[in-house]
Amino acid sequence: MMKDSWKEFKNTRSLTTMALLMALTIVLGYFTIQIGDFLKIGFAGLPHQLVSILFGPAAGAVFGGLADILKFIIKPTGAFFPGFTISGIVSGLIYGAILYKKPLKLSRLIVANVIVTIVVNMIMNTYWLTLLYGKGFFVILPGRVVKEVVMCTINVVLMYVLCGTMKAVEAHRNA
């Protein structure tokens, strides 16, 4: 699976699609709502999921790391922290491992999003925030859990609709 994903970087169409999705990620980053130091609501992660679905875990990991760095360069919100870059990489690996070249079922989307939500968003990102702001992990966690449960549900629904639309377009193109 990783070997196939690395091969995507040799395909011009794949690279162009990734670049367009990177631009979309950056644009969606402008519409992020910051609620205090510890909560941020946005949808810039949707293109990241698409890259992982379409091009695999290696492409998703590279995309996640680059997206974090480029978003910071173009629109910095606070200090740069490499922990969030690591989170982007891990997210891409998880989404790609679960969704790449596999049937896109609702159950699979739910599993991928729940794992990323728990491992990356709740555990890793909360830990990075404790390092950045000096607050206790369990002080920050409750508010983040509520937000992440809501966002996970929204992300699953949006990705399911988006993947259904992609399937319909592909079926129309092949007809």
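A quick note: this is a predicted structure, and the numbers were derived from the prediction, not measured. (Residues numbered from 1 in each chain as written. Predicted model: local features only at pLDDT ≥ 70, side-chain atom pairs only at ≥ 80, totals over all residues. Heavy atoms only, no water.)

> Sorry if this is basic, but what is going on with the nonpolar core here?
In summary, soluble globular proteins display a tendency toward joint burial of nonpolar side chains. Ranked by size, the top nonpolar core spans 26 residues in total, and within it Val51, Ile53, Phe63, Leu99 and Met159 carry the most contacts. Of all the elements, helix 3 (residues 45-74) adds the most residues to this core, at eight residues. (Core = buried A, V, L, I, M, F, W, Y, C linked by side-chain atoms within 4.5 Å. Buried < 20%, exposed > 50% of the residue type's maximum accessible area, 1.4 Å probe, protein only. Helix = DSSP H or I, 4+ residues; strand = E, 2+ residues; numbered from the N terminus.)

> In this structure, what is going on with the packing of aromatic side chains? I would like to understand it.
To describe a pair of aromatic rings, you give the distance between the ring centres and the angle between the ring planes. What the rule picks out here adds up to six aromatic pairs. Taking 5.6 Å as the distance between ring centres and 55° as the angle between the ring planes, the aromatic pair formed by Tyr127 and Trp128 counts as tilted. In this structure Tyr127 comes out as partly exposed when scored by relative accessible area, which is 41%. With relative accessibility at 13%, the residue Trp128 sits in the buried group. Chaining the aromatic ring pairs together yields one cluster made of Phe81, Phe84, Tyr127 and Trp128. (Phe/Tyr/Trp six-rings, centres within 6.5 Å; stacked < 30°, edge-to-face > 60°.)

> Looking at this structure, I do not really get unusual backbone geometry. What am I missing?
Where the residue is not glycine, phi is negative for most of them; where a peptide bond is considered, it is trans in most cases. One non-glycine residue, Lys101, adopts positive backbone phi at about 55°. For Lys101, the position within the fold is in the loop between helix 4 (82-99) and helix 5 (106-133). A relative accessible area of 60% means that Lys101 is categorised as exposed.

> I would appreciate a short explanation of the packing of helix 3 against helix 4 in the present structure.
Relative orientation and spacing of two packed helices are given, respectively, by the angle between their axes and the distance between those axes. One can describe the packing of helix 3 onto helix 4 by two numbers: an axis separation of 7 Å at closest approach and a directional angle of 180°. As far as their axial angle goes, helix 4 and helix 3 are roughly antiparallel. For the pair helix 3 and helix 4, the contacting residues are His48, Gln49, Ser52, Ile53, Gly56, Pro57, Gly60, Ala61, Gly64, Gly65, Asp68 and Ile69 in the first and Phe84, Thr85, Gly88, Ile89, Ser91, Gly92, Leu93, Tyr95, Gly96, Ala97 and Leu99 in the second. Among the residues making up the contact of helix 3 with helix 4, the classes are represented as ten nonpolar, twelve polar and one charged. (Axes fitted to C-alpha atoms, helices over the stretch in contact; angles between N-to-C directions. Parallel < 35°, antiparallel > 145°, perpendicular 65-115°, else oblique. Contact = heavy atoms within 4.5 Å. Nonpolar A, V, L, I, M, F, W, Y, C, P; charged D, E, K, R; others polar.)

> Is there a simple way to explain the layout of surface pockets in this structure?
Using a probe with the size of a water molecule, rolled over the atoms, empty space left in the structure can be pinpointed. Of the volumes computed, that of the second largest pocket is approximately 350 Å³. Those elements that place two or more of their residues in the lining of the second largest pocket are helix 2 (12-29), helix 3 and helix 6 (137-174). For the lining of the second largest pocket, the element with the most residues is helix 6, which contributes six residues. (1 Å grid on protein atoms, 1.4 Å probe; cavity = no way out; pocket = protein on both sides within 12 Å on 5 of 7 lines; lining within 4 Å. Points joined across faces, edges and corners; volume = space filled by probe spheres on them.)

> Help me understand helix 3 in this model?
Because an α-helix packs 3.6 residues into every turn, residues spaced three or four apart end up facing the same way. For helix 3, built from 30 residues, the straight-helix expectation of 44 Å at 1.5 Å per residue is missed by more than 12%, its first-to-last C-alpha distance being only 16 Å. In the structure, helix 3 departs most strongly from a straight axis at Gly56, where the bend amounts to approximately 145° and where the proline Pro57 lies between one and four residues downstream. (Expected span 1.5 Å × (residues − 1). Bend = angle between axes of the 7 residues up to and from the residue.)

> Any chance you could explain a nonpolar patch on the surface here in plain terms?
Nonpolar side chains collect at one region of the surface, where Val27, Tyr30, Phe31, Leu66, Ile69, Leu70, Ile73, Ile74 and Phe80 lie side by side and expose about 840 Å² of accessible area between them. A per-element tally of the nonpolar patch places helix 3 first, with five residues. Position of Ile73 relative to the elements: it lies in helix 3. Ile73 gets classed as exposed once you look at its relative accessible area, which sits at 56%. (Patch = residues over 30% accessible without salt bridge, like charges linked within 9 Å, V, L, I, M, F, W, Y side chains within 5 Å. Areas by Shrake-Rupley, 256 points an atom, 1.4 Å probe, with all protein chains shown as cover. Salt bridge = Lys/Arg side-chain N within 4 Å of Asp/Glu carboxyl O.)

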